[in-house]
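Read off the chains here:
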Amino acid sequence: MPVFLMVGLYMLFGRFLVDRAARCRTHYYLTTQRAVIEGGLLRTNGRSVNLAAAPEIRFRGRRRGRGTVQFGLTGMFGIMPPSWPGASQFLAPAFHAIEDAERIYNLALKTQREAQAQRG
């Protein structure tokens, strides 16, 4: 099968299947100091953000209470889908397509303020 055909099929269908499989294996945690993301398709990877040091926390809502909470700055927020291979290197850590996202966003902001106050 020609390479360009395989790439085309991935862009049309495969990326959605890869994204779904990766999401099933991804877990998000919000602690009193950090936002933690653990998951991965083939092997488990972890990312952690110190909330007190995060320059920005962003929220983007979707339908039915779902949305994305992003921790940090990136010029590609909303442009490069997280399901694209290697995208995590360019995107700020985020809780992607989570339920009750606005509540989590507000909780993250509150936690950030408290962590910054403790820090001095």
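For the structure itself, consult the block above.
Description of the structure in this document. (Residues numbered from 1 in each chain as written. Predicted model: local features only at pLDDT ≥ 70, side-chain atom pairs only at ≥ 80, totals over all residues. Heavy atoms only, no water.)

**Examining helix α2 (residues 101-119)**
Then step 1. Taking 1.5 Å per residue, 19 residues should reach 27 Å; α2 reaches 26 Å between its end C-alpha atoms and fits that length.
Then step 2. Within α2 the residues assigned to the buried category are A101, I104, Y105, A108, T111, Q112 and A115. One face of α2 carries all of its buried residues, which in axial projection span an arc of 130°. Facing away from the buried side of α2 by more than 90 degrees, the exposed set consists of R113 and A117.
Then step 3. Close packing links the buried residues of α2 with β1 (27-30), β4 (57-61), β5 (67-71) and β6 (94-98). (Helix = DSSP H or I, 4+ residues; strand = E, 2+ residues; numbered from the N terminus. Expected span 1.5 Å × (residues − 1). Buried < 20%, exposed > 50% of the residue type's maximum accessible area, 1.4 Å probe, protein only. Arc of directions from axis to C-beta. Contact = heavy atoms within 4.5 Å.)

**Some words on a positive patch on the surface**
Then step 1. The grouping of R60, R62, R63 and R64 at the surface amounts to a positive patch.
Then step 2. Checked against the element boundaries, R63 lands in the loop between β4 and β5.
Then step 3. Judged by its relative accessible area of 66%, R63 is exposed. (Patch = residues over 30% accessible without salt bridge, like charges linked within 9 Å, V, L, I, M, F, W, Y side chains within 5 Å. Areas by Shrake-Rupley, 256 points an atom, 1.4 Å probe, with all protein chains shown as cover. Salt bridge = Lys/Arg side-chain N within 4 Å of Asp/Glu carboxyl O. Lys, Arg positive; Asp, Glu negative; His and termini not counted. Charge placed at Lys NZ, Arg CZ, Asp CG, Glu CD.)

**A few points about the pattern of salt bridges**
Then step 1. One pass over the structure, following the stated rule, counts three salt bridges.
Then step 2. Close ionic contact of R66 with E99 constitutes a salt bridge, the shortest N to O distance being 3.4 Å. Here R66, found in the loop between β4 and β5, pairs with E99, found in the loop between β6 and α2; they are 33 residues apart in sequence, far enough to count as distant.
Then step 3. R66 sits in the partly exposed class, given a relative accessible area of 32%.
Then step 4. Taking relative accessible area as the criterion, E99 reaches 60% and is therefore assigned exposed.
Then step 5. The residue E114 makes a salt bridge to K110 at a minimum N-O spacing of 3.7 Å. You can see E114 and its partner K110 sitting in helix α2, four residues apart, about one turn around the helix.

**Let's talk about the packing of aromatic side chains**
Centre distance and the angle of the planes are the two values used to describe a pair of aromatic rings.
Then step 1. Under the counting rule described, the total for this entry stands at three aromatic pairs.
Then step 2. Ring centres 4.7 Å apart and planes at 35° place the aromatic pair Y28 and F95 in the tilted group. Of this pair, Y28 sits in strand β1 while F95 sits in strand β6, placing them 67 residues apart in sequence.
Then step 3. With a relative accessible area of 24%, Y28 lands in the partly exposed category.
Then step 4. A relative accessible area of 3% means that F95 is categorised as buried.
Then step 5. Ring-pair connections join several aromatic residues into one group, and the members of that group are Y28, F71 and F95. (Phe/Tyr/Trp six-rings, centres within 6.5 Å; stacked < 30°, edge-to-face > 60°.)

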